Amino acid sequence: MRPLLHALRLLWRAERRALLVGLALSVCVLGMGAALLGLSGWFVTAAGAAGLAGAGIAFDVFRPGAGVRFFALGRTAARYGERLATHDATLRALSRLRIDLMRRQAAAPWEALMRLRGEAALTRITADVDALDGLYLRLALPLAAGALTLAGAFALLAWLVDLRVAALVCGGLALGGGLILRRAGRAAFAPSAAAEAGAQALRQGMIDLSRARRDLVVFGGMEAARVAAAAHDRASREALRAVDRVERRAGLRLTILAAALAAATLAAGGALAAQGAISPAVAALAVFAALALAETLGPLRRGAVELGRMRDAAARVMAAPEAPAETTAAAPAAPTAAAPAVPGDGAPASLRVEAVSLRRPGAARPALSDVSLTVAPGETVALVGPSGVGKSTLLALAAGVLAPDAGQVLWRGRPVGPIPEAELRAEIAFLPQRSALVAGTILENLALARDGLSEAEAWAALDAAALRATVEARGGLQSRLGEGGAGLSGGESRRLALARTLLRRPALLLLDEPTEGLDAPTARRVLAGLRAWLPEAAILLASHRGAEREAADRLHSLG
């Protein structure tokens, strides 16, 4: 249950004052409900007894009647205020939690982000946070409000009626209700978690089906995708039906418990009245209060049976982003004897890799071993070698998103590790194999590079990436792309991402197979365009193609 407590603490810290107000109003609702029914029972019984005794004309009906009206109206007002305060505060707390989770996800190590499927992660985070809305509204709030109400009712019943009656009513509800709800929670734990897992799988399957519907139709996979989505839906519905059955049985048991306690309270109160310890009206007050206090258990039913769903969601939400050991274990290399230079302070814009080694956790051999190279300003160096030899890893080390186990990577004579992120990104741009585009216009995608981008600058960058003709054919810079850049081919998407990278005018450009998916003439135009755009930049690229090797000033072989 630790993830649930952690998630509850986060929600509480986000909107503490509003949630505290909602708790106070919830206690008022339960307390006024018990007071209303108890006072009504006392009033009716006392008035009847006074009439039988011939003292009805002297019986004061005004103050009890005013009390009944006060509790009735107050309970309604408190219920409205409680719903308004708690739901508003919970929704605001959940929105803050979503932002916090996205911020934590964005701060995950580079390799974890490269493996991440953005739409799958967003769907999971949204669904998990939505699952936590019941953590406070259907579990924590009713539990706290019910406990406080029963404690207050115990004190009042002990004072107004009898300590034994108070213990019978409040102790019976607390112990009996706790056992029933605990049993319901355990019985529904697995189906509740399965229902949530099935719902998330269905949601993700429908997103995948929608995004890949053309490919599924072309390659004949639509029917299999439909069958899989239907299976997830069927499994989720069956699990929900099992949860509902457990909840109905719990509701029946709670009703039987309330009736049994009311009957036991009637018997105990009748015995005390027969002994003259209390009046019949006070005994009636206890019976009706017992019936009203059963309301403290009702709201907990759904929360108890959804415990598995909320526990699994909280565990995923509270889990730290994946952090490969190689990104954290290595300490930044010590600076060289030369005086450190701040990026942009006039030091040569050169990259130096000195005896760098890196081994991934569990790998049989190192990804890189004792690699050294330099890239001077205005020079293009192509990394060559078979797949898996470490070209992409070396680019990540040069970009400062990975730390080496041994050796050091220097930019302008200073290790990249200690350079502040903002300063480093102002001079170094890294375009990996996976690049992100957003739904929106082509100009909006390019404008992510920097604020205030003009159309003339955008067209110039598209020229450098050999993409102008494609954009003009689509209708210009205001033509819209779908989610993830849908509407462009793979090669066009990479060139648009490259144009966006060029707009930052980096002093060091790191490219991972920049012409993948392009024909040879287009690849040569792209490589010539980016060098013309950045004549003084140091360029290091991972190469698998002849055009990239031809454009390089020299090759550096790995492996």
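Up top is the structure.
Presented here is an overview of the structure given in this document. If you're wondering where the values come from, they're calculated on a predicted model, not measured in any experiment.

Regarding the side chain of Thr 515
- Position of Thr 515 among the secondary structure elements: in the loop between strand S9 (508-512) and helix H19 (520-533).
- Thr 515 gets classed as buried once you look at its relative accessible area, which sits at 0%.
- A distance of 2.7 Å separates a polar atom in the side chain of Thr 515 from a polar atom in the side chain of Glu 548.

Section: the sheet that holds strand S10 (residues 538-542)
- An order of S6-S9-S10-S3-S11 is seen for the five strands of this open sheet, with the pairing classed as parallel. The open sheet terminates on both sides in strands that have one partner only, identified here as strand S6 (428-431) and strand S11 (554-557). Between one strand and the next, the sheet's axes are offset by a mean angle of 15°, whatever the strand orientation.
- In the sheet, S6 pairs with S9 via four bridges, with the strands oriented parallel. Across the sheet, the residue bridging to Phe 430 is Leu 510, located in S9.
- Strand contacts of helix H18 (residues 490-502): S6 and S9, with the helix running at about 175° to S6, the strand carrying the most contacts.

Description of unusual backbone geometry
- The residue Asp 370 is not glycine, and still its phi comes out positive at about 55°.
- Taking relative accessible area as the criterion, Asp 370 reaches 53% and is therefore assigned exposed.
- One non-glycine residue, Arg 505, lies in positive phi territory at about 50°.
- Along the chain, the position of Arg 505 falls in the loop between H18 and S9.

What about the pattern of salt bridges?
- Applying the stated criterion across every chain, the model contains 26 salt bridges.
- With a shortest N-O distance of 3.5 Å, Glu 306 and Arg 309 are connected by a salt bridge.
- The network of salt bridges with common partners includes Arg 138, Glu 196, Asp 244, Glu 247, Arg 301, Arg 302, Glu 306 and Arg 309.

As for the packing of helix H6 (residues 133-160) against helix H12 (residues 307-318)
- Contact geometry of H6 with H12 gives a least axis separation of 10 Å together with a crossing angle of 140°. Accordingly, the angle class assigned to the pair H6 and H12 is oblique. As for how H6 packs across H12, the hand of that crossing is left-handed. Residues Gly 134, Leu 135, Arg 138 and Leu 139 of H6 form the contact with H12, whose participating residues are Leu 307, Arg 309 and Met 310.
- A breakdown of the residues in the contact of H6 with H12 according to their chemical character gives four nonpolar, one polar and two charged.

Observations regarding a nonpolar patch on the surface
- A contiguous nonpolar patch, built from Leu 37, Phe 288 and Leu 291 and spanning about 220 Å² of accessible area, is present on the exposed surface.
- Mapped onto the secondary structure, Leu 37 falls in helix H2 (residues 16-52).
- Here Leu 37 falls in the partly exposed class, since its relative accessible area comes to 31%.

Observations regarding the nonpolar core
- Counting 56 residues, the largest nonpolar core has Leu 97, Leu 132, Leu 135, Leu 157, Val 161, Leu 173 and Leu 293 as the members making the most contacts within it.
- When sequence neighbours within four positions are dropped, the list of residues in contact with Val 161 reads Leu 156, Ile 278, Val 282, Leu 285 and Ala 286.

Quick word on the pairing of strand S4 (residues 406-411)
- Judged from the five bridges that link them, strand S1 (residues 351-358) and S4 form a sheet pairing that is antiparallel. By the bridge assignment for S4, Leu 351 is matched with Trp 411.
- Alignment of S4 against strand S5 (residues 414-415), held across two bridges, turns out to be antiparallel. By the bridge assignment for S5, Trp 411 is matched with Arg 414.
- Hairpin connection between S4 and S5: a loop of two residues separates the two successive antiparallel strands, and Arg 412 in this loop has a positive phi of roughly 55°.

Observations concerning a positive patch on the surface
- Residues Arg 183, Arg 241, Arg 245, Arg 248, Arg 249 and Arg 253 make up a contiguous surface patch of positive charge.
- Among the elements that line the positive patch, the one with the most residues is helix H9 (residues 222-274), at five residues.
- With respect to the secondary-structure elements, Arg 249 resides in helix H9.

Quick notes on the rules
Residues numbered from 1 in each chain as written. Predicted model: local features only at pLDDT ≥ 70, side-chain atom pairs only at ≥ 80, totals over all residues. Heavy atoms only, no water. Helix = DSSP H or I, 4+ residues; strand = E, 2+ residues; numbered from the N terminus. Buried < 20%, exposed > 50% of the residue type's maximum accessible area, 1.4 Å probe, protein only. Polar contact = N/O pair within 3.5 Å; in protein donor to acceptor, adjacent residues only side chain to side chain. Pairing = 2+ DSSP bridges. Axes fitted to C-alpha atoms, helices over the stretch in contact; angles between N-to-C directions. Contact = heavy atoms within 4.5 Å. Salt bridge = Lys/Arg side-chain N within 4 Å of Asp/Glu carboxyl O. Parallel < 35°, antiparallel > 145°, perpendicular 65-115°, else oblique. Left-handed = near helix turned anticlockwise from the far one by under 90°. Nonpolar A, V, L, I, M, F, W, Y, C, P; charged D, E, K, R; others polar. Patch = residues over 30% accessible without salt bridge, like charges linked within 9 Å, V, L, I, M, F, W, Y side chains within 5 Å. Areas by Shrake-Rupley, 256 points an atom, 1.4 Å probe, with all protein chains shown as cover. Core = buried A, V, L, I, M, F, W, Y, C linked by side-chain atoms within 4.5 Å. Lys, Arg positive; Asp, Glu negative; His and termini not counted. Charge placed at Lys NZ, Arg CZ, Asp CG, Glu CD.

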